[in-house]
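Notes for the structure review
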Amino acid sequence: MFTDSAKIVIQSGKGGDGHVSFRRELFVPAGGPDGGDGGKGGDIIFEVYDGLNTLADFRHIRKYAAQNGEPGGKRRCHGSNGADLVIRVPEGTVIRDDESGKIIADMSGENRRMVLLRGGRGGIGNMHFATSTMQAPNYAKPGQPGKSLCVRLELKVIADVGLVGFPNVGKSTLLSRVSNAKPEIANYHFTTLKPHLGVVELGIGESFVMADLPGLIEGASEGVGLGYHFLKHVERTKVLVHVVDAASVEGRDPVEDVKKIREELGKYEKSLLLKPQLIAANKIDSIIPNEEGEDPIARLRAAFSPELPVYPISGVTGAGIRELEYALLNLLKQTDRKPTVFEPEMEISYTSDQELPYTVVREKEHLFVVEGPRVEKMLGYTNLESEKGFDFFQKFLREQGILKKLEQAGIQEGDTVRMYGHEFDYYK
Ligand SMILES: Nc1nc2c(ncn2[C@@H]2O[C@H](COP(=O)(O)OP(=O)(O)OP(=O)(O)O)[C@@H](O)[C@H]2O)c(=O)[nH]1
Ligand SMILES: [Mg+2]
């Protein structure tokens, strides 16, 4: 089965924790802190791989995780970085956030490799936390967490020319006539269930890619039938060919058909109607003039030319095919052939840096000691003599979860808390 979309969960690696240790050497009584930094967590990287044409592989494996960073070690040992995970996708893969549907990246054009999820930074070891007042810091920074995200991959066919039309009008027959592609052709509706690509070669350096798309029906833009699923492929083609059955073999009216298909395209996405387009009036080998002698080609021209030029063709006999091919080549020469690349609609947000670490130690029955670089900084910054300053500092302790930690450590009313030379009485 052809898969042109897949949902996967990706996860970048967690950063390794910083280490807490102290130098222990002979004749060095109180060695300084020497806990090393944790390694960085692995990134999730998307890469365009030319050998791939479908997203089928993503149906078997749904979860993709990069490696975590290793924690730091003693003697300033740096933990090793977690390995990145490279996910290979076919060109033209659009990556969306599954929850919001927003585009995170479009793997096409210049964008052949990108880091989609950054791994967490490693935490720094206690060797970085020594200050003049705190010679033996007992804390290190934990590694940053990795990030997990559910994303939807969608493959958009990249073709220069897209064939659109109702079922059974002869789109696949036309593609097989002008290119090397071998799409299935049959006299029933919805023979084509997935897009087929073919290369149309008209001479050296004069070739283009044509996409045969599944037949559209009325209401396609609202999700009736299979069509909706494939309208997105139309977005990437540069030129559209409306294929109609000019012979009305099944009693359809080709003029009405072009109008209806254009209506569906416009409802799905207005800009589709701005693409250069023309009409291939197919099955001319079977046109039987009616009693009034009305010619369907003349009717089509009256209704749509010159906005949409009409090319009478027969996919079966080959009549008119050359003219159509050159008309398409000319149209393409006038258009910018670089495939549309979608702009990202969202950026991945990462949880902000982990709070700096601190320790809460019960030194004696009624004495608790709080230490940590942020606490130290905050103390230097706050005027504890003023009531406002004191309130501010208390709020800080509450928000940092330090009060909670003290309670967990068993602090009671009236106990003392010491922080860098300041002593406070604890009251609820
Ligand atoms: N007489 C005649 N029959 C044609 C012509 N082109 C296609 N057909 C016939 O029309 C039928 C449908 O052809 P397909 O090429 O499968 O049509 P399609 O538009 O791809 O159909 P779906 O994939 O179902 O949307 C087949 O029986 C073809 O043989 C033509 O130029 N003349
Ligand atoms: Mg077909």
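Calculation criteria
- Residues numbered from 1 in each chain as written.
- Chains lettered and ligands numbered in written order.
- Predicted model: local features only at pLDDT ≥ 70, side-chain atom pairs only at ≥ 80, totals over all residues.
- Heavy atoms only, no water.
- Pairing = 2+ DSSP bridges.
- Helix = DSSP H or I, 4+ residues; strand = E, 2+ residues; numbered from the N terminus.
- Axes fitted to C-alpha atoms, helices over the stretch in contact; angles between N-to-C directions.
- Buried < 20%, exposed > 50% of the residue type's maximum accessible area, 1.4 Å probe, protein only.
- Contact = heavy atoms within 4.5 Å.
- Phe/Tyr/Trp six-rings, centres within 6.5 Å; stacked < 30°, edge-to-face > 60°.
- Lys NZ or Arg CZ within 6 Å of the ring centre and 35° of its normal.

Strand order across the open sheet formed by four strands is β15-β16-β17-β18, with mixed pairing between neighbours. Lying at the two open borders of the sheet, with one neighbouring strand each, are β15 (359-364) and β18 (422-425). Averaged over neighbouring strand pairs, the angle between their axes works out to 25 degrees when direction is ignored. In this structure, strand β17 (residues 416-419) lies alongside β18, joined through four bridges in antiparallel fashion. Among the inter-strand pairings, Arg418 is bridged to a residue of β18, identified as Glu423.

When we look at burial in helix α6 (residues 373-381), the residues that qualify are Pro373, Val375, Met378 and Leu379. Contacts made by the buried residues of α6 are with β16 (367-371), α7 (387-399), α8 (402-408), β17 and β18.

The next subject is the packing of aromatic side chains. Using the criterion set out here, one finds five aromatic pairs in the structure. An angle of 25 degrees between the planes, with centres 6.0 Å apart, marks the rings of Phe393 and Phe424 as stacked. One end of the pair, Phe393, is in helix α7; the other, Phe424, is in strand β18, and 31 residues separate them in sequence. One exposure class covers both Phe393 and Phe424, and it is buried. In textbook terms, an aromatic cluster arises when at least three aromatic residues are bridged by ring pairs, as seen for Phe390, Phe393, Phe396 and Phe424. Its guanidinium or amino end placed over the ring of Tyr49, Arg88 lies 3.9 Å from that ring's centre, counting from NZ or CZ.

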